[in-house]
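Each chain, written out:
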Amino acid sequence: MTAKSPARVATVAAIPVALLVGVLAFWLLGGFPKAEATGTVRTDAVAMDEATTVVCRALVARMPETLGGLHRRPVSAGTEQHAAFGDPAIVLSCGTVGKRAVPRDAQLLGVSGVCWYPEEHKQETVWTTIDRQVPLRVVVPKKADGSWLSHLSAPITETVPYEDPGTTHC
């Protein structure tokens, strides 16, 4: 029988402890991805006239399956009006809001041919188009990030006709 050296015993004991501490630190720092939400996002269906319905159906049909890396999720009502992506969900609503009065000093943002009016709220930012014949609203939770707005512009410009916003300029 050979005697085990104290250095060897310390090394054998330290390796599992170091691995455990490393895995725990990795987990606490968010290193293990959470399962992506796939459940239905709650939305309300709103009555729309025939012309608005046609535009909204075309827009929702052109929405991608992923938006800036966020996967599309089913909506509970108004499938021809809404598209939802990610967790927390970014929700696009078509034709569900009337034309918005934009304050004269509002900060507007033009992104790839679409003019947006953002309204900051405690838990979310609500973006409304001001240059489309059919009004669009996108609700973005504060926790969401990414380039979602630029990904929405192409389907919007391809399906929702432009309308001159008058004296409001983007």
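Everything here concerns the structure above.
Residues numbered from 1 in each chain as written. Predicted model: local features only at pLDDT ≥ 70, side-chain atom pairs only at ≥ 80, totals over all residues. Heavy atoms only, no water.

(A) The packing of aromatic side chains, seen in detail. In this structure the tally under the stated criterion is one aromatic pair. Ring centres of Trp127 and Trp148 lie 5.6 Å apart, and the angle between their planes is 70°; this geometry places the pair in the edge-to-face category. Remark: Trp148 occurs in helix α3 (residues 148-159) and Trp127 occurs in strand β7 (residues 124-129); sequence separation between them is 21 residues. Grouping residues by exposure puts Trp127 and Trp148 together as buried. (Phe/Tyr/Trp six-rings, centres within 6.5 Å; stacked < 30°, edge-to-face > 60°. Helix = DSSP H or I, 4+ residues; strand = E, 2+ residues; numbered from the N terminus. Buried < 20%, exposed > 50% of the residue type's maximum accessible area, 1.4 Å probe, protein only.)

(B) Molecular detail of the state of the cysteines. Per the counting criterion, the structure on display carries two disulfides. A disulfide bridge connects Cys56 with Cys94, and the sulfur atoms are separated by 2.1 Å. One disulfide, between Cys56 and Cys94, carries an S-S torsion of -80° and so falls in the left-handed class. A residue pair is termed long-range when its members are at least 10 positions apart, and Cys56 in helix α2 (residues 50-62) and Cys94 in strand β4 (residues 90-94) qualify at 38 residues. Cys94 carries the same exposure label as Cys56, and that label is buried. The disulfide that involves Cys115 links it to Cys170, with 2.0 Å between the sulfurs. Taking the sign of the S-S torsion, 95° for the link of Cys115 and Cys170, the bridge is right-handed. You can see Cys115 sitting in strand β6 (residues 114-120) and its partner Cys170 sitting in the segment after α3, a full 55 residues away along the chain. Overall, Cys170 belongs to the exposed group, its relative accessible area being 53%. Cysteine pairing for the chain, with bonded cysteines counted in sequence order: 1-2, 3-4. (Disulfide = S-S within 2.5 Å.)

(C) Quick look at the nonpolar core. Counting residues in each nonpolar core, the largest one holds 25 residues, and the members touching the most others are Leu59, Trp116, Val138, Trp148 and Ile156. Of the residues forming this core, the biggest block, four residues, is contributed by α3. Sequence-distant contacts of Leu59, defined by excluding residues within four places in its chain, comprise Leu92, Cys94, Leu136, Pro155, Ile156, Thr159 and Val160. (Core = buried A, V, L, I, M, F, W, Y, C linked by side-chain atoms within 4.5 Å. Contact = heavy atoms within 4.5 Å.)

(D) Structural view of the pairing of strand β2 (residues 70-73). Where strand β1 (residues 66-67) meets β2, two bridges bridge the pair, whose relative direction is antiparallel. Directly across from Leu67, in β2, lies its bridge partner Leu70. Taking the residues that link successive antiparallel strands as the turn, the β1-β2 hairpin has two residues, and the phi of Gly68 there is positive, at about 55°. Here two bridges tie β2 to strand β3 (residues 82-85), and the two strands are oriented antiparallel to one another. The residue bridging Arg73 from the neighbouring strand is Ala84, located in β3. (Pairing = 2+ DSSP bridges.)

(E) Spotlight on the side chain of Ser93. Within the element layout of this structure, Ser93 appears in strand β4. Ignoring sequence-local partners within four residues, the contact set of Ser93 consists of Gln81, His82, Pro135, Leu136 and Arg137.

(F) Structural detail: the pairing of β6. When you tally the buried positions in β6, you get five out of seven residues, the bulk of the element. Looking at chain direction, strand β5 (residues 109-111) and β6 are connected through three bridges and run antiparallel. By the bridge assignment for β6, Gly110 is matched with Cys115. In terms of strand pairing, β6 meets β7 through five bridges, oriented antiparallel. Note that in β7 the partner of Tyr117 across the bridge is Thr128. Taking the residues between adjacent antiparallel strands as the criterion, β6 and β7 are bridged by three residues.

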